[in-house]
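Descriptive analysis of the structure
So you can see what is in the structure, the chains are spelled out below.
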Amino acid sequence: MALPLLVLIVVPLTLSSFQAEPVPETPTPAVASPAPSPGEARATEEGEKAPAGTSVEPAPARPQGLSQENYEEALIVEALTRHGRQLEPSPEGMPLAEVLVDTEEVVAESDPYPNFLNIFHIRTREEVVRREVLLPPGQPYSTRLADETARNLRGLRLFSVVRVVPVKGKVPGTVALLVVTKDIWSLRLNSDFSAVGSLLQYLRLQGTEQNFLGRGKKLALDFTLRLDTLSFGQSYTDPRVLGSRWSLSESAALIIGRESGKAEGSRGSLSVSRPLYSLSTPWSVSTSVAWNVETNRIYRGAEIWQLPYPDGPTVPYVYRTEEVAGAASYTRSYGLRYKWNVSGSLGAYHYSYDPPSSSMLTEGQSDWFRRNYLPRAEDAGYASLSLRAFEARYEVLRDVDSYVLSEDYQMGHWVSATVRYAPPVFGDDNHFTEAGLAARYRLRWGEALTTVSASGAIRRQLGEGATWNNRHWAAELAQVSPKILGGRFVARGLLDVNIDDLFDRITLLGGGNGLRGAPADEYSGKRMLLVNVEYRTAPVVIKTVHVGGVLFLDSGSAFNDRPDMVTSVGVGLRVLFPQFNVVPFRLDFGYVLNGDRPPIGSRFSLAGGQVTDLRPSFLDSPL
């Protein structure tokens, strides 16, 4: 998301989501969850919703038919005028004569910002755009490859707008490809945060040049503030090493306790991969290592959670984490319209969790804490086999999450199944097999969109005293309505259930994480039921800034046995700056109807993206 202060400063303040940081993706942060095996890195997820952007859409035969009120279409009109071309209404199969690239400045004449800001941004070099084009001149034009080209460009996260359109060639009977892009401001102070009232629960600031010298490389310095720690780090990402299809990513950070001022640990990762950059790419490979050493303090509101030890004083929910993992995987891809990706991987990890000496727990308290709340300490080596199947069919909608910018959705079925076996190389306690299955089906009816998702996982401990555990399943139903009075109703229901969880993952609910207006992290449990219903108005466009309103109803419960639903209603504001990001930031005010109500100031929540973006990663990756 983006909240640029460009009138006052050169570097905009941008509220963004980050893939590299292990920020909770669920509506309620999963507590005491083990680190994911970093070797399970996936290639570009064809089965997921693509970042906001565009794919090829049917276009009018003449530029005059494009509405100047639409942000993306206005850019196409300007590009057609600059190149002196007209749209080609029936390009399929025609010889492709040439590829034209038109990159718009971050701040254009129509934007409400001073043009001198372009001095501080180097536009993406033309060769960076061209190397993503999958249609070679001289070959027949293919709409499918044009769609893939657009998705590849969006995946680089360098552009707020990507449009790939066919235009008439200079020679009659030929077609040219016009790639229209608009850079996102690359020198920026990215941020991700969560605040409820005056309580700042989480803040991440990342000074980034995400398009270094216009070559698509990302350099970043990172600062993260939590209630108990500060961390300082750096990262570098090169999605096309030396112009190849290989990618490299590395990061490292030092963690410092806020009270002690001393180093408490560190985290970092290194990954090298060759992803599935096209539907026709036959194979991919990935290797990675990661570590995380830190002290975890679990908060409820502004205070450390005090656990009710039955035979004495409460126990602070504080524990020491040591996690190291590494893996390598290979994927073979089959099919075009109906994709089948088969992957095999080998990996190993070390997970250790203990109460710190500073908690001064008795032996009895420590044993009780480990049995009931700490994640399972585990060392394991494993081999896994995965199958991912989906229909390579995509649809474009607008005014769902990001107002005027196009959003691509994979339609039809998407299924991912994984089986993993860990032999007893580190002892009988770590001898197990486990399986996970995730499935989704998405259906479009005109301007309406229905998505049904479900996932499940289970583990079988082998050897003496074999048992079933880690039974985990989740389901989600999401519905986007047709446009009503210019806006849309968006609703979703989510159920997440953990049974016999060796890692004792706990869900916290309240505040900006799904139950708006409730006290921050007020409700806890190993299971969660959540319903969100919103009416999102059509935006008011001020120059190119899009401002919209939201009416919402939230109802949810984090529980262990039976849900006790708490319901809130409220209003919100959404603001999108398309020059600087592709999703809006949100400000919401909620009022609880049947539960504890915090002070008025704490009923506000400010965060990035839509509340329906907050969902368990388990729905996509059950293992």
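Keep in mind that this is a model prediction, so the values were computed, not measured.

1. Overview of the overall build of the protein chain
When its secondary structure is counted, the protein chain shows four helices and 34 strands. By the burial criterion, 56% of the 623 residues in the protein chain qualify as buried. Contacts in the protein chain between residues far apart in sequence, at least 24 positions, make up 63% of those at least 6 positions apart. Put simply, the protein chain shows about 25,900 Å² of open surface, and 60% of that area lies on carbon and sulfur atoms.

2. Describing helix 3 (residues 143-155)
Taking 1.5 Å as the rise per residue, helix 3 with 13 residues should run 18 Å; its terminal C-alpha atoms sit 18 Å apart, in good agreement. When we look at burial in helix 3, the residues that qualify are Leu145, Ala146, Asp147, Glu148, Thr149, Ala150, Arg151, Asn152, Leu153 and Arg154. On the buried face of helix 3, the contacting elements are helix 2 (126-130), strand 4 (159-168), strand 5 (175-183), strand 20 (394-397) and strand 21 (407-410). Arg157, located one to two residues past helix 3, shows a positive phi value of around 60 degrees.

3. Considering empty space enclosed by the protein
The method is simple in principle: a probe with the dimensions of a water molecule rolls over the atoms, and the space it marks as empty is what remains. According to the stated counting rule, one finds two cavities of 30 Å³ or more in the structure shown. In this structure, the second largest cavity encloses a volume near 60 Å³. Considering the residues around the second largest cavity, the lining is formed by Asp399, Val400, Asp401, Tyr403, Gly486, Gly487, Arg488, Arg536, Thr537, Ala538, Pro539 and Gln610. A breakdown of the residues in the lining of the second largest cavity according to their chemical character gives four nonpolar, four polar and four charged.

4. Section: the layout of surface pockets
By volume, the second largest pocket is sized at about 380 Å³. Lining the second largest pocket are 16 residues, with Glu259, Glu264, Arg297, Ile304 and Ser358 sitting closest to its centre. Broken down by secondary-structure element, the contributors of at least two residues to the lining of the second largest pocket are strand 12 (283-297) and strand 17 (318-334). For the lining of the second largest pocket, the class distribution of residues is five nonpolar, five polar and six charged.

5. Some points on helix 4 (residues 363-372)
Because an α-helix packs 3.6 residues into every turn, residues spaced three or four apart end up facing the same way. Residues of helix 4 that are buried: Gln365, Ser366, Trp368 and Phe369. Taken end-on, helix 4 shows its buried residues confined to a sector of 165 degrees, consistent with a single buried face. Exposed and oriented more than 90 degrees from the buried face of helix 4 are Glu363 and Arg371. On its buried face, helix 4 sits against strand 15 (306-307), strand 16 (315-316) and strand 17.

6. A few points about the sheet that holds strand 5
One open sheet accounts for three strands, arranged 3-5-4; its pairing is mixed. The two strands at the open ends of the sheet, each matched to only one other strand, are strand 3 (96-104) and strand 4. On average, each strand axis in the sheet is tilted by 15 degrees relative to the strand beside it, whichever way the strands run. Both strand 4 and strand 5 contribute to a ladder of nine bridges, which runs antiparallel. Directly across from Val161, in strand 5, lies its bridge partner Lys182. Against the sheet, helix 3 engages strand 4 and strand 5, with an angle of about 160 degrees to strand 4.

7. Examining the pattern of salt bridges
For side chains of opposite charge, pairing can occur when their charged atoms come near one another. Summed over the entire model, instances satisfying the criterion amount to 41 salt bridges. Arg245 is paired through a salt bridge with Glu132; the nearest N and O atoms lie 3.6 Å apart. Of the two residues, Arg245 sits in the loop between strand 9 (229-238) and strand 10 (247-257) while Glu132 sits in the loop between helix 2 and helix 3, which places them 113 residues apart along the sequence. For the pair formed by Arg245 and Glu132, the shared burial category is buried. As a salt-bridge pair, Arg505 and Asp501 come within 2.8 Å of each other at their nearest N and O atoms. On the accessibility criterion, Asp501 (7% relative accessible area) is buried.

Here is what the cut-offs are and how they apply
- Residues numbered from 1 in each chain as written.
- Predicted model: local features only at pLDDT ≥ 70, side-chain atom pairs only at ≥ 80, totals over all residues.
- Heavy atoms only, no water.
- Helix = DSSP H or I, 4+ residues; strand = E, 2+ residues; numbered from the N terminus.
- Buried < 20%, exposed > 50% of the residue type's maximum accessible area, 1.4 Å probe, protein only.
- Contact = heavy atoms within 4.5 Å.
- Areas by Shrake-Rupley, 256 points an atom, 1.4 Å probe, with all protein chains shown as cover.
- Expected span 1.5 Å × (residues − 1).
- 1 Å grid on protein atoms, 1.4 Å probe; cavity = no way out; pocket = protein on both sides within 12 Å on 5 of 7 lines; lining within 4 Å.
- Points joined across faces, edges and corners; volume = space filled by probe spheres on them.
- Nonpolar A, V, L, I, M, F, W, Y, C, P; charged D, E, K, R; others polar.
- Arc of directions from axis to C-beta.
- Pairing = 2+ DSSP bridges.
- Axes fitted to C-alpha atoms, helices over the stretch in contact; angles between N-to-C directions.
- Salt bridge = Lys/Arg side-chain N within 4 Å of Asp/Glu carboxyl O.

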